[in-house]
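Understanding the architecture of this molecule
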There are 2 protein chains.
Amino acid sequence: MPPEPLTRERILQATEEVLRRHGQAKATVVDVARMLGVSHGSVYRHFPTKAALREAVTGRWLDRTTGALADIAQDPAVPAAERLTRWLDALFAAKRRKAGEDPELFATYLVLTSEAAEVVDAHIAVLVGQLARIVADGMAAGTFTPGEDAATTARAVFDATTRFHDPCHAGEWQHPEIEGQFAVVRELVLRGLCAPARNAAPWPNAAAE
Amino acid sequence: MPPEPLTRERILQATEEVLRRHGQAKATVVDVARMLGVSHGSVYRHFPTKAALREAVTGRWLDRTTGALADIAQDPAVPAAERLTRWLDALFAAKRRKAGEDPELFATYLVLTSEAAEVVDAHIAVLVGQLARIVADGMAAGTFTPGEDAATTARAVFDATTRFHDPCHAGEWQHPEIEGQFAVVRELVLRGLCAPARNAAPWPNAAAE
């Protein structure tokens, strides 16, 4: 039987396993090559530098749940408000699962994401794009009030739920009251999306808003 | 002229200066006593342990802007929606100022707050209490829709603006787009507060919300 071909995905799987065993500070390309039974030159043919390999494995980790979220965002059979609820629930659940199931690997990836701003930005852009799809559908259906464009509004929904998906808050996700706090924020955001734009306030400074 | 009496406040001022010069890892009670020209026993008469001193200086730092925010929260002459806008603006501005003016001292206090969960919780409770005052006034005036009680709603407003006051996001506060993103979140939250409760959705799972 010929050996299994060396693919990007196999290298990334092995890299994650090396990270799990050794932590990000000690993991090397040689460790990855050894685990795969190949030379480190073979790994470098797929990822020209160690930095490129670290970025790719970080992106893979970040995007692991993006597919399931995309399915929720794109389901035209579900009304937009309900779709938004499901999407936010699924995002928070996925992040908590990642943080809770393997805290050491999570901590490792936290360091990697702090070094890979472009990878993180791209991940956030994908998520906000999914939200924008839901927001645009909700505006088209008349459920959500048109105001800012869908992309700007989607970014605001993402920002307003930061505490429930940004890994820097992972330490708060085990608090007993976090589920209830999440539900109230989610409802506040949904009410804001469904609400008519506020009237021009009679207050003199309102024009500065 | 008799020497200035040794007060808690003088000790805390000196402690902050020692933290600024030496960083939190190296600062000692002896450094604080030396700066004040007193024995370290005199400092311990006001703060029984080094940990108590560190907690007190952290609380002082956290609460430095609380007074100005309290004045905004309690001003009955300003309508609740405008008061909420001003309060959120003032909180974000104060946090950005702290992070931007003296980044090293800010980093020092970040470490201290991570070790002082009770002090941080007390600080957050004060801020959410101020918000609850505004929310309750807005509900009484009919500007904000009654729903959850004022304290729960206030916590949701605080949580929904996490990205714009929690120090773990300080690195994002210099981005050119942050002001605009803050304004859209603030408006979304205000619209949510002013909006009627959403109708029971016709979607079968809505009961689970």
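Fair warning: this is a prediction, and the values are worked out from it, not measured in the lab.

1. Considerations on the pattern of salt bridges
For the structure shown, the criterion picks out 36 salt bridges over all chains. For A:Asp102, the salt bridge goes to A:Arg20, with nearest N and O atoms at 2.6 Å. Here A:Asp102 is found in the loop between helix H6 (80-101) and helix H7 (103-114), whereas its partner A:Arg20 is found in helix H1 (residues 8-22), with 82 residues between them in sequence. The shortest N-O distance in the salt bridge between B:Glu16 and B:Arg64 comes to 2.5 Å. Taken together, the residues span a long stretch of sequence, with B:Glu16 in helix H1 (residues 8-22) and B:Arg64 in the loop between helix H4 (50-62) and helix H5 (66-73) at a distance of 48 residues. The class for B:Glu16 is buried, based on a relative accessible area of 7%. Assessed through its relative accessible area of 43%, B:Arg64 is described here as partly exposed. Connected via shared salt-bridge partners are A:Glu9, A:Glu16, A:Glu17, A:Arg20, A:Arg21, A:Arg60, A:Arg64 and A:Asp102.

2. Focus: the nonpolar core
A:Leu84, A:Trp87, B:Leu84 and B:Trp87 are the most contacted members of the largest nonpolar core, which has 118 residues in total. Looking at this core element by element, the count peaks at nine residues for helix H8 (residues 117-140) of chain A. If near-sequence neighbours (up to four positions away) are discounted, A:Leu84 is found in contact with A:Leu131, A:Ile134, A:Phe144, A:Val157, A:Leu190 and A:Leu193.

3. A word on the state of the cysteines
What is meant by a disulfide is a covalent connection between two cysteines, made through their sulfur atoms. Counted by the stated rule, this structure contains one disulfide over all chains. Residue A:Cys168 pairs covalently with B:Cys168 via a disulfide, S to S 2.1 Å. Here the residue A:Cys168 occupies a position in the loop between helix H9 (150-160) and helix H10 (178-194), and B:Cys168 occupies one in the loop between helix H9 (150-160) and helix H10 (178-194), the pair thus bridging two chains. Assessed through its relative accessible area of 34%, A:Cys168 is described here as partly exposed. Cysteine A:Cys194 remains unbridged, with the sulfur of B:Cys194 as its closest cysteine sulfur at 14 Å. Owing to a relative accessible area of 26%, B:Cys194 belongs among the partly exposed residues under this scheme.

4. Details of the domain arrangement of chain A
Residues and elements named next belong to chain A. Each assigned domain of chain A is listed here: domain 1 (8-48) and domain 2 (61-194). The straight-line distance from the C-alpha centre of domain 1 to that of domain 2 is 31 Å. For the pair domain 1 and domain 2, the two sides together bury roughly 570 Å², of which 54% comes from carbon and sulfur. A per-residue breakdown of the area domain 1 buries against domain 2 is headed by Glu16, Arg20 and Gln24, which together make up 78% of the total. At the boundary of domain 1 and domain 2, one finds two salt bridges. Here domain 1 is connected to domain 2 by three residue pairs in polar contact (both at pLDDT 80 or more). When grouped by side-chain class, the residues that make up the side of domain 1 that touches domain 2 number one nonpolar, two polar and two charged.

5. Some thoughts on the UniProt feature "DNA-binding region" (unreviewed entry) in chain A
Those places that UniProt annotates as "DNA-binding region" (unreviewed entry) correspond, in this numbering, to residues 28-47 of chain A. In residues 28-47 of chain A, helix accounts for 75% and strand for 0%; the two terminal C-alpha atoms are 13 Å from one another.

6. Topic: the interface of chain A and chain B
The interface is formed by 41 residues belonging to chain A together with 41 residues belonging to chain B. A combined buried area of about 3,300 Å² lies between chain A and chain B, and 61% of that area is made up of carbon and sulfur atoms. Linking chain A with chain B are two salt bridges, by the criterion used here. Among the salt bridges present, the one from A:Arg163 reaches B:Asp159, with a minimum N-O distance of 3.1 Å. Broken down by secondary-structure element, the contributors of at least two residues to the side of chain A that touches chain B are H6, H9 and H10 of chain A. Residues that form the side of chain A that touches chain B fall into these classes: 20 nonpolar, eight polar and 13 charged.

7. Topic: a negative patch on the surface
A surface patch of like charges, here negative, comprises A:Glu55, A:Glu118, A:Asp121 and B:Glu177. Its location among the elements puts A:Glu118 in helix H8. For A:Glu118, a relative accessible area of 69% translates into the label exposed.

8. Details of the UniProt feature "domain: HTH tetR-type" (unreviewed entry) in chain A
The residues that UniProt annotates with the feature "domain: HTH tetR-type" (unreviewed entry) are residues 5-65 of chain A. Across residues 5-65 of chain A one finds 70% helix and 0% strand; the C-alpha atoms that close the span lie 26 Å apart.

9. Re the relation of the copies chain A and chain B
Rotating chain A by 180° and translating it 0.0 Å along the rotation axis places it on chain B, where the RMSD comes to 0.0 Å. These values place the two chain copies in the arrangement generated by a two-fold rotation axis. For chain A, the minimum C-alpha distance to the rotation axis belongs to A:Gly192 and amounts to 1.8 Å. A symmetric contact is evident, with 100% of the interface residues of chain A recurring at the interface of chain B.

10. Structural notes on the packing of H5(B) against helix H8 (residues 117-140) of chain B
The relative placement of two packed helices comes down to the angle between their axes together with the axis-to-axis distance. Residues and elements named next belong to chain B. The N-to-C vectors of H5 and H8 enclose an angle of 15°; their axes lie 9 Å apart at closest approach. It follows that H5 is roughly parallel to H8 by the angle criterion. Read as a crossing pair, H5 and H8 show a hand that is left-handed. Facing H5, whose interface residues are Thr66, Leu69, Ala70 and Ala73, H8 presents His123, Val126, Leu127, Gln130, Arg133 and Ile134. Of the residues assigned to the contact of H5 with H8, the class counts are six nonpolar, three polar and one charged.

11. Here we look at the environment of A:Ser42
Residues and elements named next belong to chain A. You can see Ser42 is positioned in helix H3 (residues 40-46). Given the relative accessible area of 13%, Ser42 is considered buried. Residues Ser42 and Leu6 lie 36 residues apart in sequence; the distance between their C-alpha atoms is 8.1 Å. At 3.0 Å, the side chain of Ser42 forms a polar contact with the side chain of Ser39.

Basis of the calculations
- Residues numbered from 1 in each chain as written.
- Chains lettered and ligands numbered in written order.
- Predicted model: local features only at pLDDT ≥ 70, side-chain atom pairs only at ≥ 80, totals over all residues.
- Heavy atoms only, no water.
- Salt bridge = Lys/Arg side-chain N within 4 Å of Asp/Glu carboxyl O.
- Helix = DSSP H or I, 4+ residues; strand = E, 2+ residues; numbered from the N terminus.
- Buried < 20%, exposed > 50% of the residue type's maximum accessible area, 1.4 Å probe, protein only.
- Core = buried A, V, L, I, M, F, W, Y, C linked by side-chain atoms within 4.5 Å.
- Contact = heavy atoms within 4.5 Å.
- Disulfide = S-S within 2.5 Å.
- Domains from an automatic or database assignment.
- Buried area = accessible area lost by both parts, 1.4 Å probe.
- Polar contact = N/O pair within 3.5 Å; in protein donor to acceptor, adjacent residues only side chain to side chain.
- Nonpolar A, V, L, I, M, F, W, Y, C, P; charged D, E, K, R; others polar.
- UniProt positions renumbered as here; feature names shortened; annotations may be inferred.
- Patch = residues over 30% accessible without salt bridge, like charges linked within 9 Å, V, L, I, M, F, W, Y side chains within 5 Å.
- Areas by Shrake-Rupley, 256 points an atom, 1.4 Å probe, with all protein chains shown as cover.
- Lys, Arg positive; Asp, Glu negative; His and termini not counted.
- Charge placed at Lys NZ, Arg CZ, Asp CG, Glu CD.
- Least-squares fit on C-alpha atoms with pLDDT ≥ 70 in both.
- Axes fitted to C-alpha atoms, helices over the stretch in contact; angles between N-to-C directions.
- Parallel < 35°, antiparallel > 145°, perpendicular 65-115°, else oblique.
- Left-handed = near helix turned anticlockwise from the far one by under 90°.

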